[in-house]
Amino acid sequence: MPENRTNRLLRPETLTALGIILVAAGFLIPSFELRAISALLPAAMLLGLIVLSLALLLSDQRKAGAGEHATPMTQSPKRVIGAFALVVAYALSTDFIGFYASTAVTIPLVAWVFGYRSAVGLAVATCIVVGTIWLIFDFGMSQDFPTGRLWQN
Amino acid sequence: MYSDLFHALPDVFALTNFVAVVIGVIAGIVVGAMPGLSATMAISVLVPFTFGLEPLVALGLMAGIYNGAMYGGAIPAVLLRIPGTPAAVATTFDGYPMAQKGEGGYALQVAVVSSAFGGIASAFALMLLAPPLSKVTLLFGPSEVFWVAVFGLASIIFLLGGNPIKGLISACFGVFVSVIGSDPIYGNDRFTFGQLEMLDGINIVILLVGLYALPPVIDLLETPLKTGVNSSKLGTESMWKALPRMKGYWKTWLRGSLIGIWIGILPGAGGSMAAFMSYNEARRTSKTPETWGEGEPEGVAAAEVANNADTASALIPALTLGIPGTAVAAVMLGGLLVHGLQPGPMLFRDNPDIVFGFMWQFLFGAILLILLGGSLATNSFARLLNLPRPLLGSVIIVLMLIGVYSIHGRMFDVYLMLGFGAVGWVMDKLKFPLPPVVLGLILGGFAEENLRLALRIGRGDWLVLFQNTTSLILVALTVAVVVGPTLKKRFIARRKAG
């Protein structure tokens, strides 16, 4: 049975195609300000993206019309959103609080949230990873890591 | 033609370069043995760490990882029926039944010897075929180079199989990303939106880590896979006792090597296709096809020899033309660029020691597989399967951040990588191929520069792109690659209907 109109527009491929069209159209605007030869390749690619996404959208809608159900992108959306959120939070905390503090919290936190609950294992793994990073990168290679914007004057 | 090959040999035996291959092979086996992680991902994560290293050390690590991971994928394939890498799917057919019969140790020994055989054959193919091909490509001018880039992109989009619209979208995205930054000729900003960090363009490593490393980590955290291996029940015997039992597989090894080398050279195909083809051929020609699928060691040999034989051969078009045969080869091209080595004919002329040294490293990496993947090591690698996946995921996230941050020492790159990671995850889930994005980024700037150069030579006349035989041959090949698969489908459909 064909899906209803709202569901058809919420199919992952349709949403992706619409997203690409919007973003590519947005990027086309600054390309008008470029010299013709400079804009040639980027404009061609952006127009290509728009045309191809339209084709993708039409083919997906045709499938929806024929009653073909879209495969969900993930079986556990909460876990995926959680994983992305934790990765972004780690990057932000590294930027604002500093690398070592964020890493020492992130390793056990991510592992615990996603199912590894051994306190000893988490403590040992965190010490080994953070210690090895300090030894190799900080001590051995003099690599500077972010110290945290919050602590900078 | 081959004198440079032997000149490069002493450099390969320099201690640091040799140790790099050893570490690479071990790391590759570890990565390959972990379901969900792949050689592509491992090399993507590794590339930023190699900035400060000598090119041969960095390339040795990559060659080792590639070789090691192709074998490593066989460990969970045999013990758990879970292929560690996509190329190890065919290994499960007979490897797992062997493990069920208590012959898991022997299955892994067959896998490691076959992998080494395939890797050695592939390295020899690279050494023999790449130098003459590079001589031919040295004669190319700007218009031919432009068409080579177009042909490379077309091949990877249309020969990869799947939906060509998605392949084209991926390629357009990659080429678009390649033009972000200053215009190479006029110097004006393109799509930088005032961000100074983007003036030099998007560093390929940021894109590689985002596209190839973040999605597998999310997958690792998304599906908690219960694994558990009791390595004491593998039934492993000494390699010296096991080797005589394998002497009957030489035909399978030769056939599988040829299949793997050929598949590796073809852009877009990969180790899994090579393994399937080799397995099917070996089974078809076997005197006892009924035993296949029930624990036939030759089945493991056929699959493993072919998926390792496509490793170095995938670099033949990559090193000579800048067209990678597989996703890993595409990532390796990125690794070469990081060290200022532009793939293509000039690479052989300007950096013979490095490019030929790299070939030797592939050969030694394959030989090292037997030494490092022996019985004791196999038992240890099997234990890796018990590592908790959430912990592994969190450690990889940290490594990704360190790697990307260390490129320029700025968090902007990390945020950019996360953006590409999100895009990569969506692309992965919706089955948009990722190699065209990488190839688009590598070839986009290259194609644009040569197109503009050709147009300058031709004083703005576009016909300059079609004025010599080589260009016309490349145009014809591009058309054949684009139209070929459709014609083939129609032909098969007609034959079935008729």
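Residues numbered from 1 in each chain as written. Chains lettered and ligands numbered in written order. Predicted model: local features only at pLDDT ≥ 70, side-chain atom pairs only at ≥ 80, totals over all residues.

Some details on the overall build of chain B
Turning to step 1, where the next piece is worked out: The helix and strand inventory of chain B stands at 24 helices and 2 strands.
Turning to step 2, where the next piece is worked out: Against the globule reference of 23 Å for 498 residues, chain B gives a C-alpha radius of gyration of 22 Å, in line with a compact fold.
Turning to step 3, where the next piece is worked out: Dimensions along the principal axes, computed over C-alpha positions, put chain B at roughly 70 × 55 × 50 Å.
Turning to step 4, where the next piece is worked out: Counting only residues that meet the buried cut, chain B has 61% of its 498 residues in that class.
Turning to step 5, where the next piece is worked out: A sequence separation of at least 24 residues applies to 80% of the contacts in chain B between residues at least 6 apart. (Helix = DSSP H or I, 4+ residues; strand = E, 2+ residues; numbered from the N terminus. Rg over C-alpha atoms; globule rule 2.2 N^0.38 Å. Buried ≥ 20, exposed ≤ 12 C-beta atoms within 10 Å, placed from the backbone. Contact = placed C-beta atoms within 7 Å.)

Quick look at the overall build of chain A
Turning to step 1, where the next piece is worked out: Along chain A, the regular secondary structure elements total 6 helices and 0 strands.
Turning to step 2, where the next piece is worked out: Over its C-alpha atoms chain A spans a radius of gyration of 23 Å, topping by over 25% the 15 Å that the globule rule assigns to 153 residues.
Turning to step 3, where the next piece is worked out: Taken along the three principal axes of its C-alpha coordinates, chain A extends 55 × 50 × 25 Å.
Turning to step 4, where the next piece is worked out: The 153 residues of chain A split such that 27% are buried.

With respect to the environment of Arg255 of chain B
Residue and element names in this part refer to chain B.
Turning to step 1, where the next piece is worked out: Structurally, the position occupied by Arg255 is in helix α13 (residues 250-265).
Turning to step 2, where the next piece is worked out: A count of 18 C-beta atoms within 10 Å places Arg255 in the partly exposed class.
Turning to step 3, where the next piece is worked out: Excluding residues that lie within four positions of it along the chain, Arg255 makes contacts with Ser278, Glu281 and Ala282.

Points about unusual backbone geometry
Turning to step 1, where the next piece is worked out: Of note, Phe191 of chain B is a non-glycine position whose phi angle comes to about 60°, a positive value.
Turning to step 2, where the next piece is worked out: Checked against the element boundaries, Phe191 of chain B lands in the loop between β2 (189-190) and α11 (204-222).

Quick notes on the packing of helix α5 (residues 55-72) of chain B against helix α19 (residues 352-372) of chain B
All names here are of chain B.
Turning to step 1, where the next piece is worked out: Where α5 contacts α19, the two axes come as close as 9 Å, and the packing angle between them is 35°. The handedness of the crossing between α5 and α19 comes out as right-handed. On α19, the residues that touch Pro55, Leu56, Leu59, Gly60, Ala63, Gly64, Asn67, Gly68 and Tyr71 of α5 are Ile354, Gly357, Phe358, Gln361, Phe362, Gly365, Ala366 and Leu369. (Axes fitted to C-alpha atoms, helices over the stretch in contact; angles between N-to-C directions. Left-handed = near helix turned anticlockwise from the far one by under 90°.)

Quick notes on the interface of chain A and chain B
Turning to step 1, where the next piece is worked out: Each side of the interface is counted separately: chain A has 48 residues, and chain B has 39 residues.
Turning to step 2, where the next piece is worked out: Secondary-structure elements contributing two or more residues to the side of chain A that touches chain B are α2 (12-31), α3 (36-65), α4 (77-96), α5 (99-113) and α6 (119-140) of chain A.
Turning to step 3, where the next piece is worked out: For the side of chain A that touches chain B, the residue count by class is 32 nonpolar, 11 polar and 5 charged. (Nonpolar A, V, L, I, M, F, W, Y, C, P; charged D, E, K, R; others polar.)

What to know about the packing of helix α3 (residues 15-33) of chain B against α5 of chain B
All names here are of chain B.
Turning to step 1, where the next piece is worked out: Following both chains from N to C, one finds α3 and α5 inclined at 30°, their axes separated by 6 Å at the closest point. Along this stretch, α3 crosses α5, giving a crossing that reads as right-handed.
Turning to step 2, where the next piece is worked out: For the contact of α3 with α5, a count of residues per class yields 21 nonpolar, 10 polar and no charged.

Considering helix α15 (residues 297-309) of chain B
In an α-helix, one full turn covers 3.6 residues, which means residues spaced three or four apart are oriented alike.
Turning to step 1, where the next piece is worked out: Here α15 of chain B is 13 residues long and its end C-alpha atoms lie 18 Å apart, about the 18 Å a rise of 1.5 Å per residue gives.
Turning to step 2, where the next piece is worked out: Counting buried residues along α15 of chain B, 13 of its 13 residues qualify, which places the element largely inside the surrounding structure. (Expected span 1.5 Å × (residues − 1).)

Section: the environment of Gly264 of chain B
Turning to step 1, where the next piece is worked out: Mapped onto the secondary structure, Gly264 of chain B falls in helix α13.
Turning to step 2, where the next piece is worked out: A sequence separation of 48 residues divides Gly264 of chain B from Ala312 of chain B, and the C-alpha atoms of the two residues are 7.7 Å apart.

Digging into the confidence of the model for chain B
Residues and elements named next belong to chain B.
Turning to step 1, where the next piece is worked out: Taken as a whole, chain B shows an average pLDDT of 84; of its residues, 92% reach a score of 70 or greater.
Turning to step 2, where the next piece is worked out: Within chain B, helix α22 (residues 411-429) carries the highest mean pLDDT (95), whereas helix α20 (residues 375-383) carries the lowest (63).
Turning to step 3, where the next piece is worked out: Taken together, the chains of this predicted complex give a pTM of 0.80 and an interface ipTM of 0.93. (pLDDT = per-residue confidence, 0-100.)

Overview of α11 of chain B
Turning to step 1, where the next piece is worked out: Its 19 residues give α11 of chain B an end-to-end C-alpha distance of 27 Å, which sits within 8% of 27 Å, the value for a rise of 1.5 Å per residue.
Turning to step 2, where the next piece is worked out: The buried fraction of α11 of chain B is high, at 19 of 19 residues.

Describing the environment of Leu254 of chain B
Turning to step 1, where the next piece is worked out: Structurally, Leu254 of chain B is set in helix α13.
Turning to step 2, where the next piece is worked out: Here the alpha-carbon distance between Leu254 of chain B and His7 of chain B, two residues 247 residues apart in the chain, equals 29 Å.

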